[in-house]
Amino acid sequence: MAPRQSRYELDEMARRGTERYEQKVRPLVEQGNRGRFVAIDVDTGEFEMADTSLAAATNLLTRLPEAQIWCLRIGYKAVRHFSPPLHPEEA
């Protein structure tokens, strides 16, 4: 199987994914799902939510094999961080 190729540059993926999240997905998932992951097809706005980014992306690809996926962590500015949290409630 050939590796999947993105149809967009990284900045365009980020713009499209964030736009879809803010307009369509966020109102549906934000309440009660902080810390979970959402994988969004930047073309259609279809999404899957799961406890890991891999599970969310895999579930979305099962439904939409050609999905152009952007992942976000609900309630966070970034999917991952590389330093200890500054405040205990961020853990």
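Reference entry: report on the structure contained in this document. It should be emphasised that the depicted structure is a prediction, and the values quoted were computed from it without experimental measurement.

1. Overview of the overall build of the chain
Alright, step 1. When you go through the chain residue by residue, the secondary structure sums to 2 helices and 3 strands.
Alright, step 2. Order of helices (α) and strands (β) in the chain, N terminus to C terminus: α-β-β-α-β.
Alright, step 3. Counting every position in the chain, which comprises 91 residues, the buried fraction comes to 27%.
Alright, step 4. Counting only contacts in the chain whose residues sit at least 6 apart along the sequence, the fraction spanning at least 24 positions is 48%.
Alright, step 5. Total accessible area on the chain stands at roughly 6,400 Å², and carbon and sulfur atoms take up 56% of it.

2. Quick notes on the side chain of Glu-48
Alright, step 1. Mapped onto the secondary structure, Glu-48 falls in strand 2 (residues 47–50).
Alright, step 2. In this structure the side chain of Glu-48 is engaged in a polar contact, spanning 2.6 Å, whose partner is the side chain of Arg-63.
Alright, step 3. Glu-48 has contacts with Phe-37, Val-38, Ala-39, Ala-56, Asn-59, Leu-60 and Arg-63, leaving out every residue within four places of it along the chain.

3. Observations concerning the environment of Gly-17
Alright, step 1. Tracing the backbone shows Gly-17 in helix 1 (residues 10–29).
Alright, step 2. Along the backbone, Gly-17 and Trp-70 are 53 residues apart, and their C-alpha atoms lie at a distance of 5.4 Å.
Alright, step 3. Those residues in contact with Gly-17, other than ones at most four positions away along the chain, are Ile-40, Val-42, Trp-70 and Leu-72.

4. Focus on the sheet that holds strand 2
Alright, step 1. Spatial strand order, 2-1-3: 3 strands in an open sheet with antiparallel pairing. In the strand order of this sheet, the two ends are held by strand 2 and strand 3 (69–73), each with one partner. If you compare each strand with its neighbour and ignore which way they point, the axes differ by 20° on average.
Alright, step 2. Where strand 1 (residues 37–41) meets strand 2, 4 bridges bridge the pair, whose relative direction is antiparallel. Residue pairing for strand 2: Phe-37 is matched across the bridge by Ala-50.
Alright, step 3. In the packing of helix 1 onto the sheet, contacts are made with strand 1, strand 2 and strand 3, and the angle to strand 3 comes to roughly 55°.
Alright, step 4. Together, strand 1, strand 2 and strand 3 form the strand contacts of helix 2 (residues 53–63), whose direction differs from that of strand 2 by roughly 145°.

The rules behind each value
- Residues numbered from 1 in each chain as written.
- Predicted model: local features only at pLDDT ≥ 70, side-chain atom pairs only at ≥ 80, totals over all residues.
- Heavy atoms only, no water.
- Helix = DSSP H or I, 4+ residues; strand = E, 2+ residues; numbered from the N terminus.
- Buried < 20%, exposed > 50% of the residue type's maximum accessible area, 1.4 Å probe, protein only.
- Contact = heavy atoms within 4.5 Å.
- Areas by Shrake-Rupley, 256 points an atom, 1.4 Å probe, with all protein chains shown as cover.
- Polar contact = N/O pair within 3.5 Å; in protein donor to acceptor, adjacent residues only side chain to side chain.
- Pairing = 2+ DSSP bridges.
- Axes fitted to C-alpha atoms, helices over the stretch in contact; angles between N-to-C directions.

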